[in-house]
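A look at the structure
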Amino acid sequence: MATATAAAKRDVKEFVYQWVGTDKTGKTLRGEMRAGGEAVVNATLRRQGVKVIRVKKQSLRGGKRITDKDIAIFTRQMATMMKAGVPLLQAFDIVGKGHSNAAVQKLLLDIKTEIETGSSLKQAFQKHPAHFDALYCNLVGAGEAAGILDSLLDRLATYKEKILAIKGKIKSALFYPTAVIAVAFIITAVIMIFVIPAFKTVFASFGADLPGPTLIVIAISDFFVAWWWAIFGVIIGSIYGFFYAWKHSVAMQRVMDRVMLRAPIFGEIIRKATIARWTRTLATMFAAGVPLVESLDSVAGASGNFEYYDATKKIQSEVSTGSGLTVAMQNADVFPNMVLQMVAIGEESGALDTMLSKVADFYEQEVDDAVEALSSLMEPLIMVVLGTIIGGMVVAMYLPIFKMGSVV
């Protein structure tokens, strides 16, 4: 019976209410309360000796999707307030009410409510795994246990900001050529469907044989005109299906992670970014006092690549049986010699977190340089490709006109 009652209580939909009232001395009080209805708010306030003047349900519907950037900003704000001595619940109030995204407001209000009902900060975060992963929760838990939550939040905010920066650089490296290829395809399709048929009409009045390149371009144009709906449908459907499978299929993710690491030019950038993230995560966890075996569990999930995930699990297994970290990493065979040497020095000197941070700094800089060099290389390369495609079509269509001019 008690279980059924508890289950029914959990099923009651709760809302956030803003209330205004007065205490026994007539002083005006304001606040917020999460409850199943306005009557519950009135009854709770009356028991607390508050004379209710007004209760209004707060609307927190809508809002944009909560991104990693939102979580990084929230972490930085919380770290700053905790360092300034602002109480935890008040900090949640300030950050939540000051955020423009209603979805973030609701998330922070839910976490604040959990803390008010007796949960620790780690437990409150663990109830929202979509936004706070195991690494985040473990670091917060370590900070609470050691009484250095402000320092851990600061370290966590720095970690989040650096990881976001690395992701941003990888996306920018991949976005530019992808965008140019998409625009080139659209321009080519427009020329094939609308421009070349006009030339074809003109050439039909010549009554002469057309050059081979012109015939090829006209044949491609005829195919585009007849099947443009199928071409666009297949391309859009294939792209959607590919990314859907990539997102939802673990087997597909494993294959793509392996392919991306071995791709020419881009593969090396992705590998360096993965190593930077791996070492940054382990440095942050180890510096927070989290045991190495437990740290490696979070590092595996944060690596962002299945090849490094599997390697990290193998390293974790060897370390848990007594092997040194350097030896285990060497056996995994996915780390460059420089990383192994730095980790070995860190283990010997007792400054593993410092050495891992230096490795992360080095590879983050390597990614910066590689992306900048790639951008400089891609611009002329893409111009040559576009010039060849568009210029080739233009020349093919003007060849009959040049031929006529020579005859005349």
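What you see is a predicted model; the values in this text were computed from it and never measured.

Moving on to the overall build of the chain. Scanning the chain from terminus to terminus reveals 16 helices and three strands. On C-alpha atoms alone, the chain measures out to a radius of gyration of 30 Å, which is more than a quarter above the 22 Å that the 2.2 N^0.38 rule sets for 408 residues. Overall size of the chain, expressed as C-alpha extent along the three principal axes, is 105 × 65 × 45 Å. Looking at the chain as a whole, 38% of its 408 residues qualify as buried. A separation of at least 24 residues holds for 60% of the contacts in the chain among residues at least 6 apart in sequence. When the accessible surface of the chain is split by element, carbon and sulfur atoms take 62% of a total near 22600 Å².

Counting residues in each nonpolar core, the largest one holds 38 residues, and the members touching the most others are Trp278, Leu282, Ile315, Leu325, Met329, Phe335 and Val339. Sorting the residues of this core by element identifies helix 8 (149-204), helix 11 (266-287), helix 12 (292-302), helix 13 (306-320), helix 14 (325-332), helix 15 (337-349) and helix 16 (352-407) as the ones contributing at least two each. The dominant element in this core, judged by the number of residues it contributes, is helix 16, at nine residues. Counting residues in each nonpolar core, the second largest holds 36 residues, with Ala79, Met81, Leu139 and Val290 among its members.

So, about helix 7 (residues 134-146). Helix length check: helix 7, at 13 residues, gives a terminal C-alpha distance of 18 Å against a target of 18 Å (1.5 Å per residue), a fit within 8%. Taken as a whole, helix 7 has its buried residues at Leu135, Tyr136, Cys137, Asn138, Leu139, Val140, Gly141, Ala142 and Gly143. Looking at the buried residues of helix 7, the elements they touch are helix 3 (68-83), helix 6 (121-126), helix 8, helix 11 and helix 12. One side-chain oxygen of the residue at the start of helix 7 lies 2.9 Å from the amide nitrogen of Tyr136, identifying that residue as Asp133. In the segment just after helix 7, Gly147 is the residue with positive phi, at about 75°.

A few words now on a nonpolar patch on the surface. A surface patch of nonpolar side chains, about 370 Å² in accessible area, is lined by Ile186, Val190, Phe194 and Val195. With respect to the helices, strands and loops of the structure, Ile186 is situated in helix 8. Residue classification places Ile186 among the partly exposed residues on the basis of a relative accessible area of 48%.

Take the packing of aromatic side chains next. In this structure the tally under the stated criterion is 17 aromatic pairs. With centroids separated by 6.2 Å and ring planes inclined at 80°, the aromatic side chains of Phe74 and Phe125 adopt a geometry described as edge-to-face. With Phe74 in helix 3 and Phe125 in helix 6, this residue pair connects regions lying 51 residues apart in the sequence. On the accessibility criterion, Phe74 (3% relative accessible area) is buried. Judged by its relative accessible area of 1%, Phe125 falls in the buried class. Judged by centre distance (4.4 Å) and plane angle (35°), the rings of Phe125 and Phe132 are tilted. In this pair, the class of Phe125 matches that of Phe132, namely buried. By way of ring pairs, the aromatic residues Phe74, Phe92, Phe125, Phe132 and Tyr136 are connected into one cluster.

With respect to the helices, strands and loops of the structure, Asn138 is situated in helix 7. Exposure remark for Asn138: the relative accessible area of 16% places this residue in the buried category. Asn138 has contacts with Lys122, Met285, Glu294 and Ser298, leaving out every residue within four places of it along the chain.

This part is about the pattern of salt bridges. With the rule as written, the count across this model stands at 14 salt bridges. Two residues, Glu161 and Arg76, come together in a salt bridge whose shortest N-O distance is 3.0 Å. Here Glu161, found in helix 8, pairs with Arg76, found in helix 3; they are 85 residues apart in sequence, far enough to count as distant. With a shortest N-O distance of 2.5 Å, Lys313 and Asp297 are connected by a salt bridge. Taken together, the residues Lys313 in helix 13 and Asp297 in helix 12 connect sequence positions 16 residues apart. Assessed through its relative accessible area of 28%, Lys313 is described here as partly exposed. Within this structure, Arg76, Asp154 and Glu161 form a network of salt bridges that share partners.

Another aspect to go through is the packing of helix 11 against helix 12. As a packed pair, helix 11 and helix 12 sit with axes 9 Å apart at the nearest point and diverge in direction by 145°. Pair helix 11 / helix 12 crosses with right-handed handedness. Of the residues in helix 12, those in contact with Arg277, Trp278, Thr281, Leu282, Met285 and Phe286 of helix 11 are Leu292, Ser295, Leu296, Ser298, Val299 and Ala302. Taken together, the residues of the contact of helix 11 with helix 12 sort by class into eight nonpolar, three polar and one charged.

Turning our eyes to something else, we now look at the layout of surface pockets. Here the largest pocket defines a volume of roughly 1700 Å³. Broken down by element, the residue count for the lining of the largest pocket peaks at 11 residues, all from helix 8.

Our focus in this paragraph is the packing of helix 3 against helix 4 (residues 88-97). Look at helix 3 against helix 4: their axes get within 10 Å of each other, and the N-to-C directions meet at 135°. Our classification of the angle between helix 3 and helix 4 gives oblique. Here helix 3 runs over helix 4; the crossing is right-handed. The residues of helix 4 that touch helix 3, namely those facing Phe74, Gln77, Met78, Met81 and Met82, are Leu88, Ala91, Phe92, Ile94 and Val95. Across the contact of helix 3 with helix 4, the residue classes break down as nine nonpolar, one polar and no charged.

Parameters and conventions
- Residues numbered from 1 in each chain as written.
- Predicted model: local features only at pLDDT ≥ 70, side-chain atom pairs only at ≥ 80, totals over all residues.
- Heavy atoms only, no water.
- Helix = DSSP H or I, 4+ residues; strand = E, 2+ residues; numbered from the N terminus.
- Rg over C-alpha atoms; globule rule 2.2 N^0.38 Å.
- Buried < 20%, exposed > 50% of the residue type's maximum accessible area, 1.4 Å probe, protein only.
- Contact = heavy atoms within 4.5 Å.
- Areas by Shrake-Rupley, 256 points an atom, 1.4 Å probe, with all protein chains shown as cover.
- Core = buried A, V, L, I, M, F, W, Y, C linked by side-chain atoms within 4.5 Å.
- Expected span 1.5 Å × (residues − 1).
- Polar contact = N/O pair within 3.5 Å; in protein donor to acceptor, adjacent residues only side chain to side chain.
- Patch = residues over 30% accessible without salt bridge, like charges linked within 9 Å, V, L, I, M, F, W, Y side chains within 5 Å.
- Salt bridge = Lys/Arg side-chain N within 4 Å of Asp/Glu carboxyl O.
- Phe/Tyr/Trp six-rings, centres within 6.5 Å; stacked < 30°, edge-to-face > 60°.
- Axes fitted to C-alpha atoms, helices over the stretch in contact; angles between N-to-C directions.
- Left-handed = near helix turned anticlockwise from the far one by under 90°.
- Nonpolar A, V, L, I, M, F, W, Y, C, P; charged D, E, K, R; others polar.
- 1 Å grid on protein atoms, 1.4 Å probe; cavity = no way out; pocket = protein on both sides within 12 Å on 5 of 7 lines; lining within 4 Å.
- Points joined across faces, edges and corners; volume = space filled by probe spheres on them.
- Parallel < 35°, antiparallel > 145°, perpendicular 65-115°, else oblique.

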